[in-house]
Amino acid sequence: MRSRTPDTGRAGAPGEDPLSAELATAVLGARRRAARDGDRQVDTAHLLHTLLEADPAARQAFEGGPAQVARLLGYLVQRTIGYGLRWSGTVEDSGALPSLAGSPVPGWSPAAAGAMREAHARARARGAAHVAGTDLLAALVRDSRCRAVEVLRRAGVDPAALGARLDGAAHCERG
């Protein structure tokens, strides 16, 4: 069955770097997950959840391997079935972006839109033709107050260490 949800594969302005197939799948999945969960906006936890489901490279970035990813997905599923109720009806605004009236990208929380913009910048900085899931994962862990980082911490993941590993991998790709 085909989705009726149009998808451009982008969260930001037209003309930005295209997304890898895995990241485009994750973005579309995050939109669907938010709608299915009754959330008004895609937030960083939606992005993290679908990124882990869709992108093997993002899963491989976790030092704890498959067991750590399984634990993390378990927390994300709990969020879907009630863990995130305290977030219901609220806009995720971690403070990483200036507070705006509404989100700068319709249907996205300010933190999620900011993470996508940072992922695009990271891909450009490494000279990549496509924005990869690991670019988004690196952007997510940089926002210490976003929902994705809260979930990572609850699952026993050190966001700073994960970010350092991702930055090291990106440096190796450039050099």
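It should be emphasised that the depicted structure is a prediction, and the values quoted were computed from it without experimental measurement.

## Some remarks on the side chain of His49
Part 1 of the argument: Along the chain, the position of His49 falls in helix α2 (residues 44-54).
Part 2 of the argument: His49 gets classed as buried once you look at its relative accessible area, which sits at 3%.
Part 3 of the argument: Setting aside chain neighbours within four positions, we find His49 in contact with Arg33, Leu73, Leu76, Val77 and Thr80.

## Topic: helix α4 (residues 65-80)
Part 1 of the argument: Here α4 spans 23 Å end to end across 16 residues, near enough to the 22 Å set by a 1.5 Å rise per residue.
Part 2 of the argument: Gly65, Gln68, Val69, Leu72, Leu76 and Arg79 are the residues of α4 that are buried. Along α4, the residues classed as buried sweep out an arc of 100° about the axis, all on the same side. Looking at α4, the residues exposed on the side facing more than 90 degrees away from the buried face are Pro66 and Ala67.

## Considerations on the packing of α4 against helix α7 (residues 147-154)
Axis angle and axis distance: for two packed helices, these are the angle between their axes and the distance between the axes, and together they describe the pair.
Part 1 of the argument: Where α4 contacts α7, the axes come no closer than 9 Å and their chain directions differ by 125°. Between α4 and α7, the angle falls in the class oblique. Every pair of crossing elements has a handedness; the one defined by α4 and α7 is right-handed. On α7, the residues touching Arg71, Leu72, Tyr75, Leu76 and Arg79 of α4 are Arg147, Val151, Leu152 and Arg154.

Basis of the calculations
- Residues numbered from 1 in each chain as written.
- Predicted model: local features only at pLDDT ≥ 70, side-chain atom pairs only at ≥ 80, totals over all residues.
- Heavy atoms only, no water.
- Helix = DSSP H or I, 4+ residues; strand = E, 2+ residues; numbered from the N terminus.
- Buried < 20%, exposed > 50% of the residue type's maximum accessible area, 1.4 Å probe, protein only.
- Contact = heavy atoms within 4.5 Å.
- Expected span 1.5 Å × (residues − 1).
- Arc of directions from axis to C-beta.
- Axes fitted to C-alpha atoms, helices over the stretch in contact; angles between N-to-C directions.
- Parallel < 35°, antiparallel > 145°, perpendicular 65-115°, else oblique.
- Left-handed = near helix turned anticlockwise from the far one by under 90°.

Any link to function would need more than the numbers given here.
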